[in-house]
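# Overview (structure and organization)
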Amino acid sequence: MAAHAERRAHAPARHACPCAPPAAVLADRPDATVVRHADTVAKAHAPGTPERPLAARLATAALPALAHTLLAPLDPRPALLHGRLVTLWPHGTPVDRDDPDAAPWEAVATLLARLHRTPPARLPSGLPRMRGPEKAARAVARLRAATARAPHPGAPAVEGAWAALPSWARAEAPPPGPPSLCHGDLHLGQLVRAPDGRWLLIDIDDLGLGDPAWDLARPAAWYACGLLGAGEWTRFLDAYRAAGGPAVPTGGDPWPVLDVPARALTVQTAALAITKARAGGRDLDEVERDVVDACRRMAALPPDPAPIGPK
């Protein structure tokens, strides 16, 4: 991967690479490995990633109409290296995790609104469904596997909250209402600043057509669980509405639309927390306990069905 990124960073190569160090590993997880060389980033996608959906997602990110919304790939086609599909991207500066007060909530909300307003008819053919509900279902499956032989006291609450969700939120049926272009895994780690100063969304692995409310679900869930302050949530929601985001009504209470996706993201977060704690042989930390406790409250109060149709 480092050599693949180097060839792209210095093409056409006429001299030895002058970079020191020559490459840096930005992430190395079972679902992705990311290597940087100079201003080029190579990403190896999860083993078994199908090429056709990934190619459609790459083509979407490369659309000129989305140049101010999504980071565009350096090559619109993935390469196959050692059995993994690899894509190439320009490097961007991520959000500073050590300065949460400077989190660009308005910027990410505005980018989401632009993404959601993209007319589906202008998108490449073959663009798959947004994978948010599928990821939530996988998290619950991992929880079940991790607790099959040694039950965890928090698992029943997570299972109860999951069972109360409608089928579409569990990836068992299509989402309600007309589909929009969605990111599918929105959080502040999916934002980078380009060299020209613009914020852009990254990570297209879950990009696709679906319910745009899902992209607002993680900050909504954090707010509902007390992990995101009212000020930050209001800034995010107001900026999304001001940019014409279609996921929520233009005024009034957004929660009838956001309730189900926020519950699903809470279940996903709690399921992964228990799974990781069990794998690490440790107890849940304070934040993880808060999310599991939220599942207990959710299981006792089933969600209202979201309205169907334009929001």
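What counts as what
- Residues numbered from 1 in each chain as written.
- Predicted model: local features only at pLDDT ≥ 70, side-chain atom pairs only at ≥ 80, totals over all residues.
- Heavy atoms only, no water.
- Helix = DSSP H or I, 4+ residues; strand = E, 2+ residues; numbered from the N terminus.
- Rg over C-alpha atoms; globule rule 2.2 N^0.38 Å.
- Buried < 20%, exposed > 50% of the residue type's maximum accessible area, 1.4 Å probe, protein only.
- Contact = heavy atoms within 4.5 Å.
- Areas by Shrake-Rupley, 256 points an atom, 1.4 Å probe, with all protein chains shown as cover.
- Expected span 1.5 Å × (residues − 1).
- Salt bridge = Lys/Arg side-chain N within 4 Å of Asp/Glu carboxyl O.
- Phe/Tyr/Trp six-rings, centres within 6.5 Å; stacked < 30°, edge-to-face > 60°.

So, on to the overall build of the protein chain. When helices and strands are tallied, the protein chain shows nine helices and ten strands. Computed over its C-alpha atoms, the radius of gyration of the protein chain comes to 20 Å, within 12% of the 19 Å expected for a compact globule of 311 residues. C-alpha atoms of the protein chain, sized along the principal axes, occupy 65 × 45 × 40 Å. Looking at the protein chain as a whole, 46% of its 311 residues qualify as buried. Summarising the internal contacts of the protein chain: among those between residues at least 6 apart in sequence, 72% fall at separations of at least 24. Carbon together with sulfur atoms contributes 56% to the accessible area of the protein chain, which is approximately 15,100 Å² in total.

Below, the discussion takes up helix H8 (residues 255-279). Spanning 25 residues, H8 covers 35 Å between terminal C-alpha atoms, matching the ideal 36 Å at 1.5 Å per step. Of all 25 residues in H8, 19 are buried, a share of seventy percent or more. Of the residues flanking the end of H8, it is Gly281, one or two places downstream, whose phi is positive at about 60°.

It is worth spelling out the pattern of salt bridges at this point. Considering all chains together, one arrives at 17 salt bridges under this definition. Where Lys135 meets Asp206, a salt bridge forms, and the shortest distance between an N and an O atom there is 3.3 Å. In this pair, Lys135 is assigned in helix H4 (residues 132-146) and Asp206 in the loop between strand S9 (199-201) and strand S10 (208-210), connecting sequence segments 71 residues apart. On the accessibility criterion, Asp206 (2% relative accessible area) is buried. The salt bridge partner of Arg282 is Glu288, with a shortest N-O separation of 3.0 Å. Put simply, Arg131, Lys135, Asp185, Asp206 and Arg218 are held in one network by salt bridges that share partners.

What follows is about the packing of aromatic side chains. Inspection of the entire model under this criterion finds five aromatic pairs. Ring geometry for Trp233 against Trp255: centres 6.4 Å apart, planes inclined by 75°, an arrangement best described as edge-to-face. A residue pair is termed long-range when its members are at least 10 positions apart, and Trp233 in helix H7 (residues 230-242) and Trp255 in helix H8 qualify at 22 residues. The class of Trp233 is buried, set by a relative accessible area of 6%.

Further remarks concern the environment of Leu70. Looking at the secondary structure, you find Leu70 in the loop between helix H2 (51-61) and strand S4 (79-81). Ignoring sequence-local partners within four residues, the contact set of Leu70 consists of Ala61, Leu115, Leu200, Leu201 and Leu207.

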